[in-house]
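Reading the structure
Chain by chain, the residues:
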Amino acid sequence: MGLLDILLGRTKPVAPDLDQLFALPSAAVTLEAAAGFRATGRGAVCFATVEGGAFEQTHREVQALLDADSERTGPPVELTQDAYGYSWLVSHRAPDQLSALVNDLHAVNSAMEVNGFGPQLLCSLAGFEDDGGRRLALVYLYKRGTFFPFAPLAGDGQRRDSSLELQVRSMLGNDLRIEQDLSRWFPVWGAPGL
């Protein structure tokens, strides 16, 4: 960062740190002990949709790599698009296989990054649920290298449980690098994997 950047108030963007994803299993232990939320075994990586042969080849390689896992149970990895035009690569594991799910999410992000599609990566998430049916996602912001909780309320509308999100932020402050700017806690309505 140069003197002109300092004078104009520009900041250097935070570099993505995909290894932060490996903190999710220990955060899950804290989350279950403190609030009764358990991993669902579902997770996803979101990225801006890209057209072209290079991206299709990368997608096929990642999907083949994840589907080749002989311990995978349930449906294979799937690629879906949401109502906003973003693509999601969704992985399903048994609820007690959060570490394997995190490996899947890391592999997808790493493959996209290595093949030049890092700028298209938006976020990754892992789903959680409590005995009352409340859902929660821990969302990793690729470009910020931070996490935030997203807790949609059940029902027809697009409403979120902000108080639960703030409680989870307090619970996981020692386990995850939490995004401090609340305006970056964007909703991921209808996200596959939640």
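For the structure itself, consult the block above.
A brief look at the structure comes next. (Residues numbered from 1 in each chain as written. Predicted model: local features only at pLDDT ≥ 70, side-chain atom pairs only at ≥ 80, totals over all residues. Heavy atoms only, no water.)

Some details on the overall build of the protein
Per the secondary structure count, the protein includes five helices and six strands. Counting only residues that meet the buried cut, the protein has 43% of its 194 residues in that class. Across the protein, the fraction of contacts at a sequence separation of at least 24, relative to all contacts at a separation of at least 6, is 66%. (Helix = DSSP H or I, 4+ residues; strand = E, 2+ residues; numbered from the N terminus. Buried < 20%, exposed > 50% of the residue type's maximum accessible area, 1.4 Å probe, protein only. Contact = heavy atoms within 4.5 Å.)

Notes on the pairing of strand 6 (residues 146-150)
Among the five residues in strand 6, five count as buried, and that is most of the element. Alternating positions in strand 6 separate into two faces, Thr146, Phe148 and Phe150 on one and Phe147 and Pro149 on the other, with burial throughout. Here strand 5 (residues 135-141) pairs with strand 6 via five bridges, running antiparallel. Note on strand 6: the bridge partner recorded for Leu141 is Thr146. (Pairing = 2+ DSSP bridges.)

Notes on the pattern of salt bridges
Scanning the model with the defined rule gives seven salt bridges in all. Asp17 is the salt-bridge partner of Arg177, the closest N and O atoms lying 3.8 Å from each other. With Arg177 in the segment after helix 5 (162-171) and Asp17 in the loop between helix 1 (3-7) and helix 2 (24-35), the pair connects residues that are 160 residues apart, well separated along the chain. When its relative accessible area of 26% is taken as the criterion, Asp17 is described as partly exposed. (Salt bridge = Lys/Arg side-chain N within 4 Å of Asp/Glu carboxyl O.)

What to know about helix 5
Buried within helix 5 are the following residues: Leu164, Glu165 and Val168. For helix 5, the arc enclosing every buried residue in end-on projection is 100°, short of the 170-degree limit, so these residues lie on one face. The inward-facing, buried residues of helix 5 contact helix 2, strand 5 and strand 6. (Arc of directions from axis to C-beta.)

What about the pairing of strand 4 (residues 121-129)?
Judged by how many residues are buried, strand 4 sits mostly within the fold: seven of nine residues are covered. As defined by bridge partners, strand 1 (residues 38-48) adjoins strand 4 across seven bridges and the pair is classed as antiparallel. By the bridge assignment for strand 4, Gly43 is matched with Ala126. Relative to strand 5, strand 4 runs antiparallel, the two sharing seven bridges. Residue pairing in the sheet places Ala126 in a bridge with Leu138 of strand 5. Taking the residues that link successive antiparallel strands as the turn, the strand 4-strand 5 hairpin has five residues, and the phi of Gly133 there is positive, at about 85°.

What to know about the environment of Asn103
Tracing the chain through its elements places Asn103 in helix 4 (residues 98-114). Under the relative-accessibility criterion, Asn103 is labelled partly exposed at 43%. Taking C-alpha positions, Asn103 is 8.5 Å from Leu21, a pair spaced 82 residues apart along the chain.

What to know about the packing of aromatic side chains
Inspection of every chain in the model, using the stated rule, returns four aromatic pairs. With a centroid separation of 5.1 Å and 55° between ring planes, the pair formed by Tyr140 and Phe147 is classed as tilted. Here the two residues Tyr140 and Phe147 agree in accessibility, since each one is buried. Taken together, a centroid distance of 6.1 Å and an interplanar angle of 20° make the contact between Phe148 and Trp185 stacked. Here Trp185 lies in the segment after helix 5 and Phe148 lies in strand 6, a separation of 37 residues in the sequence. Judged by its relative accessible area of 6%, Trp185 falls in the buried class. (Phe/Tyr/Trp six-rings, centres within 6.5 Å; stacked < 30°, edge-to-face > 60°.)

Some words on the nonpolar core
Counting 55 residues, the largest nonpolar core has Trp88, Phe128 and Leu176 as the members making the most contacts within it. In terms of residue count, helix 4 provides more of this core than any other element does, seven residues in total. (Core = buried A, V, L, I, M, F, W, Y, C linked by side-chain atoms within 4.5 Å.)

A short note on the side chain of His106
The residue His106 is located in helix 4 in this model. By relative accessible area, His106 is classed as buried at 16%. Those residues in contact with His106 that lie beyond four places of it in its chain are Leu18, Asp19, Leu21 and Phe22.

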